[in-house]
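If you want the building blocks of each chain, they are given just below.
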Amino acid sequence: MSRAVVYEEFGGPEVLELREVPEPHAGPDEVRVRVTAAGLNPMDWGLAARPEAAAQFGITLPAGFGYDFAGVVDEVGPGATGFALGDRVHGGALGRAVADFVVIEVPGSLFPTPDGIGDEVASTLPVAGSSAAAALAAIGLRSGDTVLIGGAAGGVGIFAVQLAKLAGARVIGTASESTFGFLRELGAEPVTYGPGLADRVRALGVTAATDLFGTETAEAALAIGVPPGRISTIAAGPTPPGGVRATGGADAEPGELARITTAIVEGQLTVPIAAVFPVEKIRDAVALQAGRHVHGKVVVTL
């Protein structure tokens, strides 16, 4: 037997339970990963809380929890290539990540973890890193741009800010005032979110924008004359306002995660981890992350 976080009804953190489950094993063209860390994302608790969202991803009850994970390959099934016993890896497994073991078909959503990156950091990369890269690619971000990033201090925002800086852009990031110092350390110029955002950024020369939280930043960018084709959203659904571009991690170009891990190893990009919880405290971890006021990523260890 092994352990996994599961839920049998939809709801808040209280529905999550750490349970004994049958130990999975790698079959043909699969590898098994002994999970050491799982990074949390808003989509995780969103799927657990909303049946309609879960249905869109084919998730039915009872269900497992989480997507991002990191660990070590400890079984290689017949015909599986590209990974060997003992390889450190990170990747994604929808509704299965917060568990002692994850079985992944290869090639698939599994990537080598380079030396110099710990498992806690590696477990934060797949969703947030890919989403940030896709959000910036959708607007054709280039050197010399002034980009407005909504939700800049969140789990995706910390990657978007730094990737935009590496691309040579000036970054304006929306956040609460308590987060301003944190954002300045990442290289962004902070501005308060909320009513009047368009007026606060009108004179800053914004040429592109990405909204990582909802629609407020996208609407502000439209109001100050940024063309819709240079505005993206990742959390506004398939039809965001004003014809702006909807995107997400699935749209990231192949190789983006490798580019991000290289930047981390070379010291060009940091991954702020707001809190680390043992898996026994999964409800506390999710409650903190769902509060949407953490600066950086929340990680669960196994």
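Here is a short report on the structure shown in this document.

### Details of the overall build of the protein chain
Broken down by element type, the protein chain carries 10 helices and 16 strands. A compact globule built from 302 residues would reach a C-alpha radius of gyration of about 19 Å, and the protein chain, at 19 Å, matches this within 12%. Across its three principal directions, the C-alpha atoms of the protein chain cover 60 × 40 × 35 Å. A burial count over the protein chain gives 51% of its 302 residues as buried.

### Notes on the sheet that holds strand β14 (residues 245–246)
Taken in spatial order, the 6 strands of this open sheet run β11-β10-β9-β12-β13-β14, and their pairing is parallel. At either end of the open sheet lies a strand with only one pairing partner, and these are β11 (189–192) and β14. For strand β12 (residues 208–211) and strand β13 (residues 231–233), the ladder comprises 3 bridges, and the chain directions are parallel. Of the residues in β13, the one forming a bridge with A209 is I231. Where helix α5 (residues 157–166) meets the sheet, its contacts fall on β9 (146–150) and β10 (170–175), and the angle it forms with β9 comes to roughly 170°.

### Describing the side chain of T261
Tracing the backbone through its elements, the reader meets T261 in helix α9 (residues 256–265). With relative accessibility at 5%, the residue T261 sits in the buried group. Apart from the residues lying within four places of it in its own chain, the contact partners of T261 are H90, P114, I117 and L125.

### Considering the sheet that holds strand β1 (residues 2–7)
On the basis of which strands lie adjacent, the open sheet formed by 3 strands has the order β2-β1-β4 and antiparallel pairing. Both outer strands of the open sheet, β2 (17–21) and β4 (63–64), are each paired with one neighbouring strand and no more. Taken together, the 2 bridges between β1 and β4 define a ladder with antiparallel strand orientation. If you follow V6 over to β4, its bridge partner there is G64.

### A few points about the environment of V15
Looking at the secondary structure, you find V15 in the loop between β1 and β2. For V15, a relative accessible area of 9% translates into the label buried. For the pair V15 and S232, spaced 217 residues apart in sequence, the C-alpha to C-alpha distance is 33 Å. In contact with V15, other than residues within four places in its own chain, are V6, Y7, E9 and F10.

### Some details on the pattern of salt bridges
Enumeration over the complete set of coordinates arrives at 13 salt bridges. Ionic pairing is found between R3 and E280, a salt bridge with its closest N-O pair at 3.1 Å. Residue R3 is located in strand β1, and its partner E280 is located in the loop between β15 (273–278) and α10 (282–290); the two are separated by 277 residues in the primary sequence. On the accessibility criterion, R3 (21% relative accessible area) is partly exposed. Judged by relative accessible area, which is 53%, E280 ranks as exposed. Note that R34 is salt-bridged to D100, the shortest N-O span being 3.7 Å. Here the residue R34 occupies a position in strand β3 (residues 30–39), and D100 occupies one in the loop between β6 (88–92) and β7 (101–105), the gap between them amounting to 66 residues. The class of R34 is partly exposed, set by a relative accessible area of 28%. Judged by its relative accessible area of 7%, D100 falls in the buried class. Because the salt bridges share partners, they merge into one network encompassing R3, R34, D100 and E280.

### Brief notes about the layout of surface pockets
The space that makes up the second largest pocket amounts to roughly 220 Å³. If you trace the second largest pocket, you find 17 residues lining it, with A4, P24, R96, A99 and F101 closest to the centre. Those elements that place two or more of their residues in the lining of the second largest pocket are β1 and β7.

### So, the packing of aromatic side chains
All chains considered together, the criterion is met by 1 aromatic pair. We note R34 situated over the ring of F101; from NZ or CZ to the ring centre the distance is 5.6 Å.

### Side note on the packing of helix α4 (residues 125–138) against α5
Look at α4 against α5: their axes get within 8 Å of each other, and the N-to-C directions meet at 45°. When the axes of α4 and α5 are compared, the pair comes out oblique. Our pair here, α4 against α5, has a crossing hand that is right-handed. Contact with α4, carried on its side by L125, A128, G129, A132, A133 and L136, involves F159, A160, L163 and A164 of α5 and no other residues of that element. Classifying every residue of the contact of α4 with α5 gives 9 nonpolar, 1 polar and no charged.

The rules behind the values
- Residues numbered from 1 in each chain as written.
- Predicted model: local features only at pLDDT ≥ 70, side-chain atom pairs only at ≥ 80, totals over all residues.
- Heavy atoms only, no water.
- Helix = DSSP H or I, 4+ residues; strand = E, 2+ residues; numbered from the N terminus.
- Rg over C-alpha atoms; globule rule 2.2 N^0.38 Å.
- Buried < 20%, exposed > 50% of the residue type's maximum accessible area, 1.4 Å probe, protein only.
- Pairing = 2+ DSSP bridges.
- Contact = heavy atoms within 4.5 Å.
- Axes fitted to C-alpha atoms, helices over the stretch in contact; angles between N-to-C directions.
- Salt bridge = Lys/Arg side-chain N within 4 Å of Asp/Glu carboxyl O.
- 1 Å grid on protein atoms, 1.4 Å probe; cavity = no way out; pocket = protein on both sides within 12 Å on 5 of 7 lines; lining within 4 Å.
- Points joined across faces, edges and corners; volume = space filled by probe spheres on them.
- Phe/Tyr/Trp six-rings, centres within 6.5 Å; stacked < 30°, edge-to-face > 60°.
- Lys NZ or Arg CZ within 6 Å of the ring centre and 35° of its normal.
- Parallel < 35°, antiparallel > 145°, perpendicular 65-115°, else oblique.
- Left-handed = near helix turned anticlockwise from the far one by under 90°.
- Nonpolar A, V, L, I, M, F, W, Y, C, P; charged D, E, K, R; others polar.

Read these as layout, nothing more, since geometry by itself doesn't imply function.
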